Amino acid sequence: MARARRLDRSSDNPYPHGEQVEFQYEGRPMLGQAGEPLAVALLAGGVRIFGRSIKYHRPRSPFCLHGHCSGCLLRVDGLPNVRSCRTALRAGMQVERQLGWPGSGRDLFRTLDWVYGERLDHHSLLTSSGTLARMAMGFVRKMAGFGHPPTAEPGPPAPKRRMSVPAVVIGAGLAGLHAAVELGQAGHRVVVLEAEELAGGRLCDASCKLAGATGWAARRELLSRLSALPGVELRLGTPALAVYGDQAVLQVLAAGPDETLALEPQRLVVATGAYAPLPQFEDNDLPGVLGPRALDRLVCGHGVLPGEPVLIAGDAQETLELAAALVERGIALAGLVTDRPEPELPAQLRTAKVPRVAGHRILRARGGRWVQRVELAPAGRETPDLVLDCGLVAAEAPAAPAFELAHHAGCRVVFRSALGHLVQTDAEGHTSHGQVLAAGHCAGAGSAEEARLQGQRAGLACALGLKDEPGLRQRLAALKA
Amino acid sequence: MRDRADLVIIGGGVVGLSLAYHLARLGFTDVVVLEQGYLCFGASGRNGGGVRQQWSTEENIQLMKESVQMFRRLSSETGYNVWFRQGGYLFLARDAASAQGLEANVKLQNRCGVPTRLISPAEAQRVVPGLAPAGIQVCAYNPTDGVLFPFPAVWGMARAATQLGVAVETFTRVTAIEARGRQIVKVVTDRGAIATNRVVNAAGAWSVQVARLLGVELPNKPYRHEILISEPLKPFLDPMVSDLSDGTYFSQTMRGEICGGVSDPAEPSSMETRSSLRFLERMCRAMVRVVPTLANVRVMRQWAGFYDETPDGQPILGRVDEVDGFIQLHGFGGHGMMLAPIVGKLAAEWILRKADHALFQRYDLGRFKRGEVQKETFSIG
Amino acid sequence: MGKTIVCQCEDVTQGDLEDAFEQGFRDLESLKRYTGLATGLCQGKCCIAHAARFLAALKGGDEAAADPPRTRPLLQPTPISCFAGPEELSASPASREGQK
Ligand SMILES: Cc1cc2nc3c(=O)[nH]c(=O)nc-3n(C[C@H](O)[C@H](O)[C@H](O)COP(=O)(O)OP(=O)(O)OC[C@H]3O[C@@H](n4cnc5c(N)ncnc54)[C@H](O)[C@@H]3O)c2cc1C
Ligand code: FES
């Protein structure tokens, strides 16, 4: 297994990177770049196991790098369960792993995973007698809980700001930014809430291609248009946490870096994108198995390659583009595994010598503390006919739109086998809730193009809801055509 | 679904299921339980799981003592771990009236054999690390109270009853009850009808609607009651802590989450089930006041359920004047989880005439007309 | 080893889903409560879609059977101190330069 290494960065890379700083990891000094996510610094420093899982004490490691899973939780400066992929590295940070005895690295409780090879049913554990059931309780209570309670001295509570605003857009991805641009151009005041420190959503991915341009270029262009609009206020690092619909006014709760916001919008556009769920195969949670967008961000964005060669599984356009982006950066691919027998490949992949395994899927991942190889099987078969060695895996999984915030508000959310749970909208982005619109991947958009279009329409429809204007109506009609 | 039954129980919450379970244990299994949603849909799947013997009337103390013993056995009886952990209950009194109330309660509880003690705020800090003693006059601590996990209690009773021969029908809503004169003849659901002469109304916050199907008016009112849990942390809090000054309560679940709620005098009666920002903020302020170091703990989820409240804070149990064979088991407010085992058992014995329990006369619906009400003063949340 | 993890926060496996279905927990609300999936630190972002597909498939492709369970705040765990502040700061919007 190759050691983790840092790649050269191109000048148009939007991800932050500062000077080298020292921090403490499990009591040892370690180096990283100020401002990069702590998880990235640790992966660059060769850390493989970030912690242990709650029940079977399986090794855990970053999977999504977008703050959506629980693979990267660490204890940081006396606070438990810190998402290290969402925490910018600072000099002097004290970082420790959680769970495991004697530690997370080598954890004797892992034997539980082997003893209960099939599964451990905690519902019926030791229920044959009252005394045994109470013993089970003692054991379970010992094992329960993620980190130890916080030891950091609490600061004063965050100040809270309540604001009435005409419009709030949640999510500064492709759809949300376009919605905000439309609203801003129509002269409305709008607050855009973005959980990440970097606006752009998928536009930050190297695999994102929009009408021939790279996502990074499209992002720069869109953000400069946005900053020219005086009514648009973009709040970064400010995750929306909830939408309350039990009062006469909608309330959007968000946690900013130094204040808590309770926004009361007349109209709300939800453009929260989608999550990367776990791909389903045996030992899918092995460290080194990542979602495609996580790998994109880690390798192409932050320029950190924790293992090589890379195996890519999936045949969505973005996944193939990701493979092409890796090839472009001179990274060795262990294979490109696709369900479909003959996917249409990007140009770089057609010329590069990439081992292609068509009509296959991953059956299981193998490796002790980090993925070392994967076993592949043809569609419909349960025995592998191919084993590929690799140092990193990006595996696609069916879509999982981020429907929750719209659901809080009471918007109708439906399930579609191919698309997941999505916020139901009409052609203009209206949901079942009169004040809420939705656009982009959370509303079922399948591609970047579609997300852009949905964002524009929802922005215009939202502006029209605030104030009727014939010009806007015409523009909306044109966009729908 | 069966088309006839000796007894139909409307409501698959912990109360209805406890009755079904105890009827079945007594050999009476021609019973159908009808639940409009999934098991745990009602208050029984949304509560804090608190079980305490610290009450202000001898009757409630004795009932809860029984329930505690029954919960200790429930896991092995049903094969589902209910994780009943006796980490105690700690009440905090911040004013003279509450302090006197605690003093009187403790004497009564001790007479009933419950080992509650009055302790100083300094002593309480040993029970609850990080407790802020400022402003607390005195505390009452009973180490044998506890908390459990509500879901498996519900599933366990449902499965045990089913295995003994009772039918539990989920996603089955009662839409009408037909009667001829004073006699019930049929329960109609959205999945078909069941011929029966006896119906138990164990529909919790919906019991008013169910009673109305037979023209019976109940004085109960539903109130939204909200609750939240934190991220799961390693065990550090043993008891349920309850601040009497504002009705705050919280404890640590078996999974390590801090779980609790707070009463809200401004909450109107309604069937609202959405969450509110108001609750989130009131609860967070209340928790930090009691244990300031909780400020750094993360809130993970909040949700809401109903308190099914009666005018005197006591449940409504027993017959009604208007219709024969229509038995009421509802109005459990914020303590139906802890009362369910014993009330289900006593009700089963009473219905099958194995024993007569005064409870079912004293707490019948008629008491409001007769003016015989005795208020339970020690309800929280 | 040899487990297919469905929910990585609570270590719920594909076997757990199948067992829950066998035990009669055949709607998403019940599947969630019985297995614990979607109740952990990620609150279901990584698992609920798979559970829905699992359920819909076992119910003969019935997509309506997989409507999402009731979604509750918060979207991500957030410190109590963020909500324990005084009632109100000010009603005026903050103008924050250099944010874009
Ligand atoms: C947030 C919260 C915290 C609480 N904390 C505690 C605590 O710590 N300790 C404690 O002891 N108690 C607590 N309680 C109270 C406790 O949960 C209730 O008292 C108890 O669950 C009541 O049980 P039940 O069976 O009467 O009602 P429910 O559990 O509500 O059951 C009634 C059932 O009837 C069904 N139903 C209604 N109408 C129909 C119909 N027409 N057809 C078919 N089915 C129907 C409903 O769907 C429901 O499932 C709390 C309650 C809440 C909301
Ligand atoms: S939350 Fe950090 S890797 Fe998924």
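Thresholds applied
- Residues numbered from 1 in each chain as written.
- Chains lettered and ligands numbered in written order.
- Predicted model: local features only at pLDDT ≥ 70, side-chain atom pairs only at ≥ 80, totals over all residues.
- Heavy atoms only, no water.
- Pairing = 2+ DSSP bridges.
- Helix = DSSP H or I, 4+ residues; strand = E, 2+ residues; numbered from the N terminus.
- Axes fitted to C-alpha atoms, helices over the stretch in contact; angles between N-to-C directions.
- Near = heavy atom within 4 Å.
- Polar contact = N/O pair within 3.5 Å; in protein donor to acceptor, adjacent residues only side chain to side chain.
- Areas by Shrake-Rupley, 256 points an atom, 1.4 Å probe, with all protein chains shown as cover.
- Expected span 1.5 Å × (residues − 1).
- Buried < 20%, exposed > 50% of the residue type's maximum accessible area, 1.4 Å probe, protein only.
- Phe/Tyr/Trp six-rings, centres within 6.5 Å; stacked < 30°, edge-to-face > 60°.
- Lys NZ or Arg CZ within 6 Å of the ring centre and 35° of its normal.
- Patch = residues over 30% accessible without salt bridge, like charges linked within 9 Å, V, L, I, M, F, W, Y side chains within 5 Å.
- Salt bridge = Lys/Arg side-chain N within 4 Å of Asp/Glu carboxyl O.

**Q** Would you mind showing me how to read the sheet that holds strand β7 (residues 79-83) of chain A here?
**A** Adjacent strands of a sheet form backbone hydrogen bonds with each other and so pair up, either parallel or antiparallel. Residues and elements named next belong to chain A. Taken together, 5 strands build an open sheet; the order of strands is β3-β2-β8-β6-β7 and the sheet is mixed. One side of each edge strand has no neighbouring strand; the edge strands of this open sheet are β3 (28-33) and β7. The sheet shows a mean angle of 45° between the axes of neighbouring strands, taken without regard to direction. When strand β6 (residues 73-76) meets strand β8 (residues 94-96), the two strands line up antiparallel, connected through 2 bridges. Across the sheet, residue Arg-75 finds its bridge partner in β8, namely Glu-96.

**Q** Quick question: what am I supposed to make of the site of ligand 1 here?
**A** Residues and elements named next belong to chain B. If you check the shell around ligand 1, you find 39 residues, and the closest are Glu-35, Ser-44, Gly-50, Gly-336 and Met-338. Ala-43 places a main-chain nitrogen or oxygen 2.9 Å from an oxygen atom of ligand 1. Contacts to ligand 1 include Gly-334, whose backbone N or O atom sits 3.0 Å from a nitrogen atom. Against a free-state accessible area of 990 Å², the protein chains account for coverage of 97% of ligand 1.

**Q** Sorry, what's going on with helix α7 (residues 277-290) of chain B here?
**A** For an α-helix, the turn length of 3.6 residues means that residues three or four places apart are oriented alike. All names here are of chain B. Over its 14 residues, α7 extends 20 Å from the first C-alpha to the last, a length consistent with the 20 Å expected when each residue adds 1.5 Å. Where α7 is concerned, the buried positions are Leu-277, Phe-279, Leu-280, Glu-281, Met-283, Cys-284, Ala-286, Met-287 and Val-290. Where α7 begins, one side-chain oxygen reaches toward the backbone nitrogen of Phe-279, 3.0 Å away; that side chain belongs to Ser-276.

**Q** What's the story with the packing of aromatic side chains in this structure? I'm lost.
**A** To describe a pair of aromatic rings, one takes the distance between the centres and the angle between the planes. Within the structure shown, the criterion is met by 14 aromatic pairs over all chains. Plain terms: the ring middles of B:Tyr89 and B:Phe91 are 5.7 Å apart, the flat faces sit at 40° to each other, and that makes the pair tilted. B:Phe91 carries the same exposure label as B:Tyr89, and that label is buried. An aromatic cluster is built from B:Tyr80, B:Phe149, B:Phe151, B:Trp155, C:Phe25 and C:Tyr34, whose rings are joined through pairwise contacts. Cation over ring: A:Arg48 sits above A:Trp370, and NZ or CZ is 4.5 Å from the ring centre. Over the ring of C:Phe21 we find C:Arg26, and its NZ or CZ is 4.2 Å from the ring centre.

**Q** Hey, could you run me through a nonpolar patch on the surface in this one?
**A** Residue and element names in this part refer to chain A. Together, Trp-101, Leu-108 and Phe-109 give the surface a local cluster of nonpolar side chains, amounting to about 330 Å² of exposed area. As for its placement among the helices and strands, Trp-101 is situated in the loop between β8 and α2 (111-115). For Trp-101, a relative accessible area of 53% translates into the label exposed.

**Q** What am I meant to see in the pattern of salt bridges here?
**A** Note on pairing: side chains with opposite charge can pair once their charged atoms come close. Enumeration according to the criterion identifies 67 salt bridges over all chains in this entry. Here B:Asp264 makes a salt bridge to B:Arg278, at a shortest N to O gap of 2.7 Å. Of this pair, B:Asp264 sits in the loop between β16 (258-261) and α7 while B:Arg278 sits in helix α7, placing them 14 residues apart in sequence. According to the relative accessible area criterion, B:Arg278 is partly exposed, its value standing at 44%. When salt bridges with common partners are traced through the structure, they connect A:Arg58, A:Arg60, A:Arg110, A:Asp113, A:Glu282, A:Asp283, A:Asp285, A:Arg364, A:Arg366, A:Glu375, C:Lys3 and C:Asp11 into a single cluster.

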